[in-house]
Amino acid sequence: MQHALDLAGQALWLTSPNPRVGCVITAADGTVLGQGHTQRAGGAHAEIMALRDAAGRGHRVQGATAWVTLEPCAHQGRTGPCCDALAAAGIGRVVAAMTDPNPQVAGRGMARLAAAGVQTDTLDPHSALARQAHELNIGFFQRMRRGLPWVRMKVAVSLDGQTALPNGQSQWITSPEARADGHAWRARACAILTGIGTVLEDNPLLTVRGLDAPRQPHLVVVDSRLEIPLNARLLDTQGEGDSARQIWLYTAGDPANPALADKRQALTARGVQVIDMPGPGGKVDLAAMLRDLARREVNELHLEAGHKLNGSFIRAGLVDEYLVYMAPALLGPGQGMALLPALTELGQAVRLAFHAADRTGPDLRLLLRRTT
């Protein structure tokens with residue numbers, strides 16, 4: 001199973017919006033007969049890749065054991081049911097790390113295997129291997145169970161918590177190693193989200209760079225008043241083909257406003273999807289936006305925005321995980337990571353738990369999650 005998890009990890013940047021899954025088929029003596037991981041959406045799943053690999057090696061799999069990091073699917077989606085393929089191949093036993101939370105599967109895959117005479121086992125969900133399987137697909141599990149993407153807020157800060165100088169200068173607080181690592185985290189996301197403030201101040205691309213990534217995450221822009229310039233660089237990052245990057249722009253403006261009609265039309269002509277999601281105070285309804293992104297099959301949402309939008313997400317309780325790169329530098333007064341209201345009691349603090357702490361070049365990489 002650990003080998004299957006390692007294979008699933010190789011698909012970290014590839015399978016969105018499908019889960020990252022690995023499969024290893026072994027003989028009774030433990031010999032590996034075939035192995036594989038899920039391919040790009042629409043391509044073969046891990047079980048099919050492992051069966052093909054075994055056939056390519058000239059191995060028979062009748063009576064063999066398939067170790068899979070997620071319950072084999074039992075529905076017809078972009079591909080056929082993997083549980084049926086395993087049974088038809090004569091697999092004798094299937095061990096899954098976790099049950100698939102997809103309502104179209106949710107135990108049906110293992111039930112159909114058992115009905116076909118295949119021995120089935122699922123790991124204890126509290127076991128170390130099951131936890132690894134969950135971490136690999138934490139966004140997929142969240143979307144299936146809660147109808148929301150897993151929101152990861154990325155910030156680069158000084159030791160005293162500043163993300164920029166008072167004049168807005170922020171390049172570069174952290175090291176090249178930290179920035180390269182940040183691109184790897186971008187690559188695993190289904191979509192990258194930013195706000196109009198970042199677009200106007202930095203004119204970023206918000207693409208994955210410096211890595212051989214097989215796909216570019218989709219792009220989400222929160223722009224309540226439709227202020228985005230038509231020459232913004234990120235509008236030219238869509239690409240082509242089946243896995244082309246989508247750009248979703250959420251606004252709170254009146255769609256019937258004639259003053260914005262030309263801009264809406266120009267953005268639409270460039271392939272940008274302008275989505276009206278008005279909320280209180282003339283702002284985008286962030287919670288409704290997340291539900292809409294889940295419907296668009298976004299599992300992991302990578303938030304790279306300014307302190308104002310960061311603060312809005314935190315105040316609304318919408319951040320699941322904080323990816324913080326901390327440089328060993330003191331900047332003094334500047335811009336913090338999030339614009340939050342002043343507290344009158346310590347009990348009002350947003351409490352987090354450290355999930356991981358690692359060195360990245362000269363910097364610290366901290367991963368924190370909500371305590372609830």
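Residues numbered from 1 in each chain as written. Predicted model: local features only at pLDDT ≥ 70, side-chain atom pairs only at ≥ 80, totals over all residues. Heavy atoms only, no water.

Visitor: Give a detailed account of the nonpolar core, specifying residues and quantitative values.
Guide: Formed by 37 residues in total, the largest nonpolar core has its most connected members in Ile-25, Val-61, Ala-66, Ile-91 and Val-94. Filtering out sequence-adjacent residues up to four positions away, Ile-25 remains in contact with Thr-31, Val-32, Leu-33, Gly-34, Ala-50, Leu-51, Val-61, Ala-64, Thr-65, Ala-66 and Ile-91. (Core = buried A, V, L, I, M, F, W, Y, C linked by side-chain atoms within 4.5 Å. Buried < 20%, exposed > 50% of the residue type's maximum accessible area, 1.4 Å probe, protein only. Contact = heavy atoms within 4.5 Å.)

Visitor: Outline the sheet that holds strand E4 (residues 93-96), supporting the account with residue identities and numerical values.
Guide: Remark on secondary structure: sheet strands pair via backbone hydrogen bonds, oriented parallel or antiparallel. Spatial ordering of the open sheet is given by E2-E1-E3-E4-E5, a layout of five strands whose pairing is mixed. Unpaired on one side and paired on the other, strand E2 (32-37) and strand E5 (119-122) mark the two borders of the sheet. The average angle at which neighbouring strand axes cross in this sheet is 15°, direction not considered. As paired strands, E4 and E5 are joined by four bridges and run parallel to one another. Within the sheet, the bridge partner assigned to Ala-96 lies in E5 and is Thr-122. Across the face of the sheet, helix H1 (residues 2-9) comes into contact with strand E1 (22-26), E2 and strand E3 (65-68) while running at roughly 145° to E1. Its contacts with the sheet put helix H4 (residues 108-115) on E4 and E5, and the angle it makes with E5 is roughly 155°. (Pairing = 2+ DSSP bridges. Helix = DSSP H or I, 4+ residues; strand = E, 2+ residues; numbered from the N terminus. Axes fitted to C-alpha atoms, helices over the stretch in contact; angles between N-to-C directions.)

Visitor: Explain the pattern of salt bridges to me, using residue names and the numbers behind them.
Guide: One pass over the structure, following the stated rule, counts 18 salt bridges. Where Arg-369 meets Glu-135, a salt bridge forms, and the shortest distance between an N and an O atom there is 2.7 Å. Of the two residues, Arg-369 is situated in strand E16 (residues 363-370) and Glu-135 in helix H5 (residues 128-136); the sequence distance between them amounts to 234 residues. Several salt bridges share partner residues, and in doing so they unite Arg-20, Glu-135, Arg-152, Arg-188, Glu-300, Glu-321 and Arg-369 into one network. (Salt bridge = Lys/Arg side-chain N within 4 Å of Asp/Glu carboxyl O.)

Visitor: Pulling in residues and values, what's your account of the sheet that holds strand E6 (residues 150-157)?
Guide: Taken together, the nine strands give an open sheet; going across it, the order is E11-E10-E9-E8-E12-E6-E13-E16-E15, and neighbouring strands pair in mixed fashion. One side of each edge strand has no neighbouring strand; the edge strands of this open sheet are strand E11 (273-276) and strand E15 (352-360). If you compare each strand with its neighbour and ignore which way they point, the axes differ by 20° on average. Here strand E8 (residues 191-195) pairs with strand E12 (residues 300-303) via three bridges, running parallel. Bridged to Ala-191 within E12 is Leu-301.

Visitor: Any details on the pairing of E3? Residues and values, ideally.
Guide: Sheet topology note: the E1/E3 ladder contains four bridges and is antiparallel. Looking at the pairing, Cys-23 lines up with Val-68 of E3.

Visitor: Account for the side chain of Gln-142, naming residues and giving values.
Guide: The topology assignment puts Gln-142 in helix H6 (residues 138-146). Relative accessible area serves as the criterion here: at 9%, Gln-142 is assigned to the buried category. Other than its neighbours up to four places away in sequence, Gln-142 contacts Gly-147, Leu-148, Pro-149, Trp-150 and Asp-320.

Visitor: Quick rundown of the pairing of E4? Include the residues and the values.
Guide: The two faces of the sheet receive side chains in turn, since in a regular strand these alternate between them. Where E3 and E4 come together, four bridges link them in parallel fashion. Paired with Thr-65 across the two strands is Arg-93, which belongs to E4. Chirality of the crossover, the property in question, places the unit of E4, H4 and E5 among those that are right-handed. (Right-handed = clockwise from strand over helix to strand, strands pointing away.)

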